[in-house]
Amino acid sequence: MILRICLSTILWFTVIVNAEVTDDNANLNTQQLEINATDYVPQQRLRDLLDLFNIASVAASWPRIAHDVRTPNCSLHMVDYFRGLATGKLWAMKMDDASGHYSPGFFFGNNYWMGSINLCSAIASDEAEKVIKFGEAKAGLSSAVSYRHDGRKMRNDRSPFVPGFFVLKLNFHASNLTHAPRTLYIGLCLPSSCTEADVLAMAKNLHEDKNEGQSHTTILDVRSPTKKRYEFTSDPTFYILLVTVICVSCLLIAGTIYDLILIRRSQKCAELKAKSKELATDLSSGGLGCITYDLTSAMPNREKMEKARGLNNNNSDENLAVESLDHQEETRSVFAEMLLSFSVVTNFKAICDSSVGSDTISSIHGLRAVSMAWVILGHTCIIVFKYSDNMDLRKTVEKEFWFQTITNGAFSVDTFFFISGFLVAYIYFRTNAKGKLEKLSKGVNEVTAGALHFIGLVGYRFMRLTAPYLFVLGCVELLMKYFEQYSVFEPPTMDHDNCPKFWWRNVLYINTLFPVEEMCMLWSWYLANDTQFYIIGAVILIVAVRHLRVAAAVVSVIMVCSWAITGLIAYNNNHIPNTDDPLALFDMIYDKPWTRIGPYMIGMSVGWILFRSNCQLRMSRLTVALGWMMSSAVGLYLIYGLYGQELNQLGGAAYSSLSHSAWALSLAWIIIACSTGHGGYVNTFLSAPCIYPFSRATYCAYLVHPIVIRIMALNSTAPLHLGTDSMMVYFFGQLVCSYLLAFIVSLAFEAPVVTMLKILKRI
């Protein structure tokens, strides 16, 4: 009993003590909460600091702001907008909802607070739009105002005016948030009666009193995608393209129909030939002797005709090696052949042909197709990241190992330079050695003959490249003018201004000799450089026929000078590869011909080596193994070798100077090995017939793929949100769409021109 009483007393004492401790802890927690609630309430959040265009603030400051708004209708409609918000009108709240506001991701590169242009456009009443337009055009402001104030005619979800969409561009800088000013874009749904100048005045007045302390805002510009000031029908370029498309379409239809008629006639002749053989067999077996009729002499020899039209070639510089028919084998007039050059059926067969010419290095097709896919991947990343709400993701993924494939995508262009130089030299020497090269002059001195020969080579290339180039150039001008006015995003370049002014530089292939800010079709820098290299290469080849050592010395001097100039520019500008943006010195190193000519010269040298050896080089297994190991090591180092490394100033200059030529040397072994029977599985892959169609359409794919990427990006009404999966979807989508469009342009412009040039050479 005594023990039980003691245990009960201890238990009750423990409960009471625990209760008191719990009460004390509760009191302490309450005091802490009271302290937190009093002392740690945030005075200003990020969303408050970045509330850069608040319609409530505009309404509060309207008496001061209204003095700078010059359009009377704009002032009246803005007051209606304020009243609609104050009274809870649905249309007013929709307009506020359609406007852009701060959204999360500021520190991850979200610079686009675009709102919704589609929602803003859907708010307007069709009836209100008609009445307002009629009132402004016929009765002046009074009819519009009377209708606007007649509330009985307006439903609660319809605005009394037509909303318009504006994009406000500004620089925001807060020393405690950003190291440098950030360019922000804010979509605003406001009355369409307001002009860009009115909205600009509102924004500037709104921020006059806010630029204090650690944050500062500078209003840069206002655009309105709903003003619709540009129309295709008012642009002369549109009519030039329209007439061109109509004429080419008619030629394609006529040429295809004529070709189908010939195909049908050839099939009938084949059937008749088969019947004649059966008849001859029957007569012979009946003892009447071998009485036959030569019906085949009247049939068109389609195989020879197709060979004469160059159908087994890839519409590239390989066409210099095409053998033409002798004149006595011609069965068609020149006009008929010209018309047949537009046949979609035949040209499509040519592009998709699984065979190549005897003078063709088949592994070139694989290199060209792979490099084109690499180019599209790089350009997709560059453009898509520009219009994303997490563009700083690029800074994160650039630190990943495999992203070096994209960062170092510039080497894909060096592949094209190498291939161009190789084909020009290899085919030139092969055709000259066979005596098939056209004699442009006879009985004249060496200088005159060389000059005429040079004019012929350059003229052939100019005519072959320029037709599709001009067509795409016109399309770029029209599309960029359209998107500059109608897209909620700014175009990535100034093509809408530069193309009308400086298109002639593109046609002359000299646009890389001018500042990049004035360049039309920025990606055309490659075509300009390649053409300039071709001109230099043509001179070297003409000299090399009789003075090989002089030509070799010129090639060596050009390469050494290119390395020295590139290294000097990189050193003076402290350009460090892998740390700086690969395009940081675009206008000084990236697009200049004197810094990129190295791979072209190496390609020409490899072309001469394979011609001289007739693609037959005996090498031991050890030599082959060492060659593949060195080529692979150089290529992989150039793409991935700088990962996690930082070069000094001298090392960066040396890398910038020699890396492009080193890449060409790694390709040189691949071509030599694949051409001489030492390619193995690499040659099997690069020479796969399924790659040939994509290789033959590479030129047009290069021309059109940035257009496809820009259409996707600039047609969007909101920024993209990028990730690994979405980037892969974007890339493969761009790849497929680019090649589909490239096949169309090639069928319509490239293939017909190439075929006509072959016909003219036979005349």
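No experiment lies behind these values; they were computed from the predicted model shown.

Give a detailed account of empty space enclosed by the protein, specifying residues and quantitative values.
Using the criterion set out here, one finds 7 cavities of 30 Å³ or more in the structure. Each pocket or cavity is described by its volume, and for the second largest cavity that value is around 60 Å³. Every residue along the wall of the second largest cavity is listed here: Phe53, Asn54, Ile55, Tyr81, Asp96, Ser99, His101, Leu188, Cys189 and Leu190. By residue number, the principal contributor to the lining of the second largest cavity is strand β3 (residues 182–191), which donates 3 residues. Tallied by class, the residues present in the lining of the second largest cavity amount to 6 nonpolar, 3 polar and 1 charged.

Give me the lowdown on helix α20 (residues 495–507), citing residues and values where you can.
The end-to-end C-alpha distance of α20 is 15 Å, clearly below the 18 Å that 13 residues give at a rise of 1.5 Å each. At Lys501, α20 shows its strongest bend, of approximately 65°. Turning to α20, its buried residues are Asp495, His496, Asn498, Cys499, Phe502, Arg505, Asn506 and Val507.

Explain the layout of surface pockets to me, using residue names and the numbers behind them.
Estimates place the volume of the largest pocket at around 1500 Å³. Along the wall of the largest pocket there are 48 residues; nearest its centre are Ile382, Lys386, Arg394, Asp581 and Leu583. Examining the composition of the lining of the largest pocket, we find that 9 residues originate from one element, helix α15 (residues 363–386), more than from any other. Class assignment of the residues belonging to the lining of the largest pocket gives a composition of 29 nonpolar, 11 polar and 8 charged.

Hey, could you go over the side chain of Ser524 for me, with residue numbers and the actual values?
Inspection of the secondary structure assignment puts Ser524 in the loop between α20 and α21 (525–544). Contact partners of Ser524, with chain neighbours within four places excluded, come to Tyr469, Asn506 and Asn511.

Before we move on, could you go through the confidence of the model for the chain and cite the residues and values that matter?
Overall, the predicted model of the chain reaches an average pLDDT of 81, with 79% of residues at or above 70. Within the chain, helix α30 (residues 698–714) carries the highest mean pLDDT (95), whereas helix α9 (residues 141–149) carries the lowest (40). In the model, residues 1–7 has pLDDT below 50 throughout and makes 0 contacts with residues more than four positions away in sequence or in other chains. A low-confidence stretch, residues 436–441 (pLDDT under 50), is modelled with 11 contacts involving residues beyond four sequence positions or located in other chains.

Lay out the pattern of salt bridges in plain terms, naming residues and giving numbers.
According to the stated counting rule, one finds 10 salt bridges in the structure shown. Residue Asp495 is joined to Arg710 by a salt bridge in which the shortest nitrogen-to-oxygen separation is 2.8 Å. Taken together, the residues span a long stretch of sequence, with Asp495 in helix α20 and Arg710 in helix α30 at a distance of 215 residues. By the burial criterion, Asp495 is buried, and Arg710 matches it. With its nearest N and O atoms 2.9 Å apart, the salt bridge here joins Asp587 to Lys592. By sharing partners, the salt bridges in this structure join Asp235, Glu477 and Lys481 into a single network.

Before we move on, could you go through the state of the cysteines and cite the residues and values that matter?
Applying the stated criterion to the full structure yields 3 disulfides. Note that Cys74 is cross-linked by a disulfide to Cys194, the S-S spacing being 1.9 Å. The sign of the S-S torsion, about 85°, decides the handedness of the disulfide formed by Cys74 and Cys194: right-handed. Residue Cys74 is located in helix α5 (residues 72–86), and its partner Cys194 is located in the loop between β3 and α10 (196–206); the two are separated by 120 residues in the primary sequence. Covalent S-S linkage joins Cys120 and Cys189, the inter-sulfur distance amounting to 2.1 Å. Between Cys120 and Cys189 the sulfur-sulfur dihedral comes to about 80°; the bridge is accordingly right-handed.

Reading the values: rules and limits
- Residues numbered from 1 in each chain as written.
- Predicted model: local features only at pLDDT ≥ 70, side-chain atom pairs only at ≥ 80, totals over all residues.
- Heavy atoms only, no water.
- 1 Å grid on protein atoms, 1.4 Å probe; cavity = no way out; pocket = protein on both sides within 12 Å on 5 of 7 lines; lining within 4 Å.
- Points joined across faces, edges and corners; volume = space filled by probe spheres on them.
- Helix = DSSP H or I, 4+ residues; strand = E, 2+ residues; numbered from the N terminus.
- Nonpolar A, V, L, I, M, F, W, Y, C, P; charged D, E, K, R; others polar.
- Expected span 1.5 Å × (residues − 1).
- Bend = angle between axes of the 7 residues up to and from the residue.
- Buried < 20%, exposed > 50% of the residue type's maximum accessible area, 1.4 Å probe, protein only.
- Contact = heavy atoms within 4.5 Å.
- pLDDT = per-residue confidence, 0-100.
- Salt bridge = Lys/Arg side-chain N within 4 Å of Asp/Glu carboxyl O.
- Disulfide = S-S within 2.5 Å.

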